[in-house]
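Listed below are the residues making up each chain.
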Amino acid sequence: MRKALFLRLFLGLAAFCILLPAALLVLWSAAARWSWPNLLPESWSGRTARELLFGAQSIWPLLGSSAALGGLAAALATLIGLLTARAAALYDFPGKPLVRFAGLLPLLIPGTVFAVGIHLALLRLGLADTLAGVLLVHVMTALPYSIAILTDVTAALGGGLEEQAAVLGAGPVRGFFAVSLPELTPGILSSMSMAFILSYSQYFTTLIVGGGRVRTLALALVPYIQGGDRSLASVYALAFTGSALGVFALFETLIHRWQKRGDRP
Amino acid sequence: MKLEIEHLSVALEGRDILQNLSLQAEAGELLALLGPSGCGKTTLLKTVAGILAPQCGRIRLGREDITHLPPHRRGVVILFQDIRLFPHMTAAENVAFPLRMRGVGRRARLEQAAKLLDRVRLPGYGARRVGSLSGGERQRVALARALAAEPRLLLLDEPFSALDENLREDMRELVLSLHREFRTTTVLVTHDRGEALGMSDRVALLFHGEIEQCDTPEAVYLRPATRRAADYFGGCALLDGEVRAGIFRGGPVALPVSLPEGRYALCLRERMWRPAENGPYALRVERVRFRGPETAVTLAAADGTLFQKTFPGSVPFQEGDVLRFDLDVGDPVFFPQEECL
């Protein structure tokens, strides 16, 4: 009983902290006039929605580029993460602790320092102000998380099923795809969703490394927030959180479906 | 197919697990690999299957040298102790897996899987999820899957240890009947002495990475090659003594032998003591422990040496009585004693 009460209190508090600001965003984005001390806006308008959907900075190309960049970064980070995780979890080699530590390095360095430093490196490589450069940086940002998630699930699964598949006649690649991959799928989806969200919400690194040429939703959002138009800022913020949440929900549903699949009689 | 292992050495993480091990299993034979846990049994199986690479030595199957063949090309299947069914597949898909790897069409392989499931007494279990099977059922699905691969050599890694005692006997019978039917050369790893003796054509004793003895179950049990082997099987008391002028003397026992002089231990089995009215040995009953079908009796010789003997049912004597025995050692087994012991 006490546990249930605490849970309810916690959930209530969490809802208050998340839903109230979100509701404010909805109100602001549709408000034409909202002056102090009114509790609700005095008049409503569809101006911001029109601006969002059809304006000079309409959301569609931004959504497209952000999602494409996020998807690509998620796929790459997960692929590299999976290979690293297998090396760390299933094999022994000299310098293994060093590799594990190196995988976490991007987490330890402050984001701004990382962005400026990597920008210098990319300038030398000729990758600054390019999509490839931004993609590379997003992958690097997501990698520590992907490696951590995938190392855990790979270590939990172990190499046992692949050993069994091998003695039953499956070559190494086939064995991995036939018996390990289905078991790793929830972890892979978690890693992809994490990497996607990280890439999707990158602002500073995209700005510095992309040099303004690579446009993403997060990049477009910030000037609105810094500018004076609260309504416009609200509608873009809603579009950003809404789309991110949508992708997150999609991955969660996929993971859930996949795990339930094993229970069917 | 005949398995020949020659001078095999395996080290894991810098530690020697197997040293210069040689062993053979004849074609169609069921060889039990018996030894205490940690002696390298599982390492040997994994090396034969190709999961571990040996430091040196050779493994041959039939006429083929398979030492450097990858595991999926060896035709050697391990049935692991922890069963390792593929959790996302049904029972039939698990059994059909080796056929799928060989490119057999879906329908043909599922048909074959159903037949094999029948054979391990799981008819109609094909569509069942692995998670819904009991331990014994999983073990049988794994057995059917191993057979589906039509292995040239089947390696069973303690396949019964995870099962309840009553299921274990069933599984042993099933494995034996399948072995009689398919005649697949089989190596059964176990630490259960009774299982090794009762199931196999020959028993190989493995201690600390080396084969101590490899012979028929009767020979391994009755004529242990070393003191360690005798100790491991139990069922005999080792009586330390000395041979002088053709007579072995140890404790109360004196036997004429044809051994060079020196210190020996005599392997003395309890059935060698025969109760006899006028027997030369007078043993005092130290302890009587009734256990239902039998009674365990501890007997003491005049010099204090203790012997164990079990009698069927209850016994007509009690602690403190003195009984007379004959000693019939038949063809006695002696172990020379090393100086330092």
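For the structure, check the block above.
Residues numbered from 1 in each chain as written. Chains lettered and ligands numbered in written order. Predicted model: local features only at pLDDT ≥ 70, side-chain atom pairs only at ≥ 80, totals over all residues. Heavy atoms only, no water.

Caption draft 1: Representation of the packing of aromatic side chains in the model. Residues and elements named next belong to chain B. Applying the stated criterion across every chain, the model contains 15 aromatic pairs over all chains. Centroid distance F207 to Y232: 5.3 Å. Interplanar angle 80 degrees. Geometry classified as edge-to-face. With a gap of 25 residues between them, F207 in strand β9 (residues 202-207) and Y232 in helix α8 (residues 227-233) connect regions that are remote in the sequence. Here the basic side chain of R193 rests over the ring of Y232, its NZ or CZ set 4.2 Å away from the ring centre. Of note, R269 hangs over the ring of Y221, and the distance from its end group to the ring centre comes to 4.7 Å. (Phe/Tyr/Trp six-rings, centres within 6.5 Å; stacked < 30°, edge-to-face > 60°. Helix = DSSP H or I, 4+ residues; strand = E, 2+ residues; numbered from the N terminus. Lys NZ or Arg CZ within 6 Å of the ring centre and 35° of its normal.)

Caption draft 2: The arrangement of the nonpolar core in detail. Ranked by internal contacts, the top residues of the largest apolar core, which has 46 residues, are V179 of chain A together with F86, V95, F97 and V141 of chain B. Contributing elements (two or more residues each) for this core: α7 (160-167) and α8 (172-200) of chain A together with β6 (76-79), α2 (91-101), α3 (106-119), α4 (135-148), β7 (153-157) and α5 (165-182) of chain B. Per element, the largest residue contribution to this core is seven residues, and it comes from α4 of chain B. (Core = buried A, V, L, I, M, F, W, Y, C linked by side-chain atoms within 4.5 Å. Buried < 20%, exposed > 50% of the residue type's maximum accessible area, 1.4 Å probe, protein only.)

Caption draft 3: The sheet that holds strand β14 (residues 262-269) of chain B, seen in detail. Residues and elements named next belong to chain B. Read across the open sheet, the five strands follow the order β13-β12-β11-β14-β20; overall the sheet is antiparallel. Only two strands of the sheet have a single neighbouring strand rather than two, namely β13 (253-256) and β20 (333-336). Strand-to-strand twist of the sheet, defined as the mean angle between neighbouring strand axes without regard to direction, takes the value 35 degrees. Summarising the sheet, strand β12 (residues 247-250) and β13 pair through four bridges and their orientation is antiparallel. In the strand pairing of β13, I247 is matched with P256. (Pairing = 2+ DSSP bridges. Axes fitted to C-alpha atoms, helices over the stretch in contact; angles between N-to-C directions.)

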